[in-house]
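Letter by letter, the chains look like this.
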Amino acid sequence: MERHPRLAGRLYVLAAALLWSSCGLFARAPIFDDWPETQRGLLFAFWRAAFAALVLLPTVRRPRFRPMLVPLAICFTLMNVTYLSAMILTTPANAIWLQSAAPWWVFLISVAVFREPVVRRDLIPLAFGMAGVGTILACEILTRPGQNLAGIACGLASGVAYGGVVFFMGRLNAENASWLVALNHAVAAAAMFPLVLYYGLWPSPVQLLVLAAFGVLQMALPYLLLIRGLRSIRAQEAVSIGLIEPVLMPLWTFLIWGVAAAWWTILGGALILTGLLFRYLLLDLRQRAWKSSAHPTKLGH
């Protein structure tokens, strides 16, 4: 019975990752082809955040203001706009893998900006992550000169912004998780609303239903599942389980919409995934094994 809460926690996080991986199915849906590509990412980001906020706000407990909420909300808004823009302007595989390099941006921000000490075990997976991003960038520039560059730039920016979200979330970990997530979605929607008004592009009733599903199924529900899962498993384990998202998301968009990833994206993604697995699985398991051997469990009467 002792293992059951941990199993449930893992299943909650797995379900969250599966739902997150559906992003490309919504973003590349042909029903939105009448929206201009240059504005579609922002429109997606607004409607997704707005519907997610409506679902998440009733779950908020103990809301309170902290100054660090300001840069967190800015990074979260930028992450949403740039990521969904990258999803439209380049392939979903490029978008998700460039954003998945966020842990390495967190490392660089922590060391370069906040002067935190370098943890040696982060250097090898950092090298894999940078090699993966470099592979995608170099091949896109060399093989498709003048094409996809705006999407690649948005993908890189989304990774940096996501790194900022992770960094500031880590420093606000004493706050209520539902409050942080709901606030970020609400602020993001409010920040984008003036531009949505300016563009004057409004969804049809059918598009609105799809956008509501986008916000609820791909954002609000996964975050609620993640919060529930983190009650019984560690954040490191949750990150490891979440690695299924960047693997599955390009697969879904290929199977449903026929949007294929280039070979260099697959290679770059494999390098990034190798670094993430090394960091969040192998090193973590090795550290736990070392602690167990250093402090063995005493058996006896």
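Above this text you will find the structure in question.
These remarks concern the structure in this document. Quick caveat: nothing in here was measured; it's all calculated off a predicted structure.

**Looking at the packing of aromatic side chains**
For the structure on display, the rule yields 13 aromatic pairs. Each residue in the set Phe26, Phe32, Trp35, Phe44 and Phe214 is aromatic and connected to the rest through ring pairs, giving one cluster. Over the ring of Phe167 we find Arg171, and its NZ or CZ is 3.7 Å from the ring centre.

**Remarks on the packing of helix α3 (residues 37-56) against helix α10 (residues 205-229)**
In the contact formed by α3 and α10, the axes pass within 7 Å of each other and the chain directions differ by 55 degrees. On the basis of their axis angle, the class for α3 and α10 is oblique. Here α3 and α10 pass one another in a crossing that is right-handed. Listed contacts from α10 to Phe44, Trp47, Arg48, Phe51, Ala52, Val55 and Leu56 of α3 are Leu208, Leu211, Ala212, Phe214, Gly215, Val216, Gln218, Met219, Ala220 and Leu224. Residue composition of the contact of α3 with α10, grouped by class: 14 nonpolar, two polar and one charged.

**Re the pattern of salt bridges**
Under the counting rule described, the total for this entry stands at three salt bridges. A salt bridge links Asp33 to Arg40, with the shortest nitrogen-to-oxygen separation between them at 4.0 Å.

**Brief notes about the environment of Arg28**
On the secondary structure map, Arg28 appears in the loop between α2 (23-27) and α3. Ignoring sequence-local partners within four residues, the contact set of Arg28 consists of Met87, Ile88, Thr90, Thr91, Pro92, Trp257 and Val259. Of note is the side chain of Arg28, whose polar atom sits 2.9 Å from the backbone oxygen of Met87.

**Thoughts on helix α1 (residues 4-20)**
For α1, spanning 17 residues, the distance from its first C-alpha to its last is 24 Å, which sits close to the expected 24 Å at 1.5 Å a residue. Considered for burial, the residues of α1 that qualify are Gly9, Val13, Ala16, Ala17 and Trp20. Looking straight down α1, one finds that the buried residues subtend no more than 100 degrees of arc, so they occupy a single side.

**Concerning the nonpolar core**
Grouped burial of nonpolar side chains is what soluble globular proteins tend to show. Core analysis: the biggest nonpolar cluster contains 76 residues, and Phe44, Met192 and Leu211 have the highest contact counts within it. Look past the residues within four positions of Leu211 in its chain and what remains in contact with it is Phe32, Trp35, Phe44, Trp47, Phe51 and Pro203.

Calculation rules
Note on numbering: residues in each chain are counted from 1, in written sequence order. Two thresholds apply to this predicted model, a pLDDT of at least 70 for residue-level local features and 80 or more for giving and counting side-chain atom pairs, whereas whole-chain, interface and lining totals are computed over all residues. The basis for every side-chain value is the complete set of non-hydrogen atoms in the structure, without hydrogens or water. Only Phe, Tyr and Trp rings are paired, with Trp represented by its six-membered ring, and only when their centres lie within 6.5 Å; those with planes under 30 degrees apart are stacked, over 60 edge-to-face, the remainder tilted. By definition here, charges over rings are those cases where NZ of Lys or CZ of Arg is within 6 Å of the ring centre and within 35 degrees of the ring normal. Lines fitted to the C-alpha atoms define the axes, with helices restricted to the stretch that makes contact. Angles between their N-to-C directions range from 0 to 180 degrees. Per the convention used, a helix needs a DSSP run of H or I reaching at least four residues, while a strand needs a run of E reaching at least two, with both numbered from the N terminus. Should an angle lie under 35 degrees it is considered roughly parallel, over 145 roughly antiparallel, and from 65 to 115 roughly perpendicular; all remaining angles are considered oblique. Rotating anticlockwise by less than a right angle from the far helix to the near helix defines a left-handed crossing, while the corresponding clockwise rotation defines a right-handed one. Any pair of residues with heavy atoms lying within 4.5 Å of one another is described as a contacting pair. Amino acids are sorted into nonpolar (Ala, Val, Leu, Ile, Met, Phe, Trp, Tyr, Cys and Pro), charged (Asp, Glu, Lys and Arg) and polar (every other residue, Gly among them). One side-chain nitrogen of Lys or Arg within 4 Å of one carboxyl oxygen of Asp or Glu is enough to make a salt bridge. Under this definition, polar contacts are N or O atom pairs within 3.5 Å; protein pairs additionally need one hydrogen-donor-capable and one acceptor-capable atom, and for neighbouring residues in sequence, both atoms have to be side-chain atoms. A helix is expected to reach a length of 1.5 Å times the quantity of its residues less one. For the exposure calls, accessible area comes from a 1.4 Å probe over protein chains only, and a residue counts as buried if that area is under 20% of its type's maximum, exposed if over 50%, partly exposed in between. Think of it as the arc spanned by the lines of direction from the helix axis to the C-beta atoms. In these notes, a set of buried Ala, Val, Leu, Ile, Met, Phe, Trp, Tyr and Cys residues joined through side-chain atoms within 4.5 Å is what counts as a nonpolar core.

By themselves these figures say nothing about function.
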